[in-house]
Amino acid sequence: MEARSSSTHLPPVRRTRRRDWGRLLSRILCVVLAVAGLLPVAVGLLVRTSWARGHATRETQALAATFGIQARYGLELRLWPLSVSLHDLQVDASDGGTPFVTAHRVTARPKIFGLLAGKVVIDEIEINRPKARVVMKGGKLQNLTLDLPESPKKEGPSKPPFSVVSTSEADVDFTFDDAHVEGHEIDADVTTEDDGQGGTALEVAVRVGQARTRLVRKVEAKATPSKEATPPAVDEDTLCRLDGRARVEPRRILVRRLQVHGAADMDPAEGTHLGCDLPKTDFRYVELSLGHFAVTLPRSKDEMPNLEGHIKARAPIPLIGRAGPGAPLTEGWAGVDAELRYTPETPIPDLTGRIEVHDVRIARFNFAKNVTSEIAIRRGVVASSLTRLDI
């Protein structure tokens, strides 16, 4: 018989493999970052869907309706850069006339960090090809019924909730009681800045291609036996160009530059707009130019503002007839090109420059063909180094 041999070797011990926590953490972070990277893409695709745009349009229209605004538009949302756009905007008027406002596109770009802080702060607003029709009577808006909630009054200076507002190719139609204004091809930019005193300063740039005004005013009745009522006068002036830039602070306005020219209607009949082809030799030609012209507003209503800067202007003398009844019959035009400074302490403004008057006539008296004067006014003393009178 064979002897059984007993083995003294123990079975191998299986050791549990040690978990690599570093590798596991790296995999988890990769998954989290991948999801975080895909989330904006997924949300961006979601907001571009017709369902999301339709839902946002219905909700915003319902919110506007609570304030009495009936608006129609298409809405677009973008996450980067974050923006909200309204295209083909139309706000209906409440008087049954043409729309209150229309615009080809309105785009607002809010600040992301402001939204994260719970505040609505708009970085930039762009309005393309807007058209507005505004009717005011007695200081109240007539063609749009607004039901705005009363906001609590805040003490101290207030800041607008935007940084830049720009509009291009705008048309406006304003009616203020008996005055009517139509403006075309208007470009405007407004930028907000800190004025250094806790308030807000506005940098404003405006360009107007053409505008027309219409003002109906009463005329003093003539002392005649006729019982017929004197028809009102209709002043229809034309603005042919306006180009300016200014800085507006709470108590100071600095006009960096301003160029305006147009034509004044001297015919009281209706339908007598002169257009923009009027030569400079015509007495109805109007011009105004300001350069670095500062206006410091008074602290009370009883005081006059301070004025300082360069002014160049010319206008028809018969415009004084619009000041009120009893004005004499006048003809001709007057112009000034001077450096001006006025404060409430001076009896008359300090002035240095040139004054000219052409074809002047008051009532039946003709004074001169041309009057030109190099003039200086200091502390109420008027001095002229050269005055020329052509008779």
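Residues numbered from 1 in each chain as written. Predicted model: local features only at pLDDT ≥ 70, side-chain atom pairs only at ≥ 80, totals over all residues. Heavy atoms only, no water.

Caption draft 1: Representation of unusual backbone geometry within the structure. Phi at Asp177 is positive, roughly 55°, even though this residue is not glycine. Take Asp177: it is sitting in the loop between β7 (162-176) and β8 (179-194). Among the residues examined, Asp177 registers a relative accessible area of 48% and is labelled partly exposed. A positive phi is found at Glu185, a non-glycine position, where the angle reads about 55°. Tracing the sequence through the fold places Glu185 in strand β8. (Helix = DSSP H or I, 4+ residues; strand = E, 2+ residues; numbered from the N terminus. Buried < 20%, exposed > 50% of the residue type's maximum accessible area, 1.4 Å probe, protein only.)

Caption draft 2: A look at a nonpolar patch on the surface. On the surface, a cluster of nonpolar side chains totalling about 300 Å² of accessible area is made up of Ile362, Phe365 and Phe367. Mapping Ile362 onto the fold places it in strand β15 (residues 350-362). With a relative accessible area of 35%, Ile362 lands in the partly exposed category. (Patch = residues over 30% accessible without salt bridge, like charges linked within 9 Å, V, L, I, M, F, W, Y side chains within 5 Å. Areas by Shrake-Rupley, 256 points an atom, 1.4 Å probe, with all protein chains shown as cover. Salt bridge = Lys/Arg side-chain N within 4 Å of Asp/Glu carboxyl O.)

Caption draft 3: Focus on the packing of aromatic side chains. For the structure shown, the criterion picks out 1 aromatic pair. Plain terms: the ring middles of Phe174 and Phe176 are 5.7 Å apart, the flat faces sit at 75° to each other, and that makes the pair edge-to-face. A residue is classified by how much of its surface remains accessible, and Phe174, at 26% relative accessible area, is partly exposed. One Lys or Arg, Arg314, reaches over the ring of Trp333 and ends 3.7 Å from the middle of that ring. (Phe/Tyr/Trp six-rings, centres within 6.5 Å; stacked < 30°, edge-to-face > 60°. Lys NZ or Arg CZ within 6 Å of the ring centre and 35° of its normal.)

Caption draft 4: The arrangement of the nonpolar core in detail. The biggest cluster of nonpolar side chains holds 14 residues, and the ones touching the most others in it are Tyr73, Leu75, Leu86, Leu89, Val91, Phe100 and Val106. Elements with a minimum of two residues in this core: β1 (71-79), β2 (82-91), β3 (101-110) and β5 (131-137). (Core = buried A, V, L, I, M, F, W, Y, C linked by side-chain atoms within 4.5 Å.)

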